Amino acid sequence: MFSLGDLKQTRFYRDAFADGEQRGEQRGQQKAKEEAVTRLLKLGLSLEVIAESLDLPLSVVQEIANSANNN
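Keep in mind that what you see is a predicted model, and the values were worked out from it rather than measured.

A. Summary view of the overall build of the protein. Counting its regular elements, the protein contains 4 helices and 0 strands. Helices and strands appear in the protein in the N-to-C order α-α-α-α. For 71 residues, the compact-globule estimate of 2.2 N^0.38 gives 11 Å, and the C-alpha radius of gyration of the protein, at 19 Å, exceeds that figure by more than 25%. The burial tally for the protein puts 13% of its 71 residues in the buried class. Entry remark: accessible area of the protein is about 5,800 Å², with carbon and sulfur atoms responsible for 51%. For the protein, the centre of its 9 positive side-chain charges and the centre of its 11 negative side-chain charges are spaced 6 Å apart.

Parameters and conventions
Sequence order as written defines the numbering, with residues in each chain counted from 1. Local features are withheld for residues below a pLDDT of 70 in this predicted model, meaning they are given only at 70 or higher, and side-chain atom pairs are given and counted only at 80 or more; totals for whole chains, interfaces and linings count all residues. Excluded from the side-chain calculation are hydrogens and water; included are all heavy atoms of the structure. Each helix is a run of DSSP H or I of at least 4 residues and each strand a run of E of at least 2, with the numbering of both proceeding from the N terminus. Radius of gyration: over C-alpha atoms. The globule rule applied is 2.2 Å multiplied by the number of residues raised to the 0.38 power. The buried label applies to any residue whose accessible area, calculated with a 1.4 Å probe on protein chains only, is under 20% of its type's maximum; exposed applies above 50%, and partly exposed to all values in between. The Shrake-Rupley method, run with a 1.4 Å probe, gives the accessible areas here. Residue values count only the displayed protein chains as cover. Note that His is not counted, nor are the chain ends; the positive residues are Lys and Arg, and the negative ones are Asp and Glu. To locate a charge, the coordinates of NZ of Lys, CZ of Arg, CG of Asp or CD of Glu are taken.

Following this line, the structure appears as structure tokens:
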């Protein structure tokens, strides 16, 4: 039977762990951009300027703006 230490040394575990880390990092970056969009909207910047500044598609910025307005 595998112990936890044995499991952690398997390729499957290492790959799954690395995948989880990468997904977490991507979610964190996306969350930071969403928060930045909200702050920049409050400062009065246009959707186009925000999209260009944050390197986001305009449709994503519009979606975040609509979501912020509904809350």
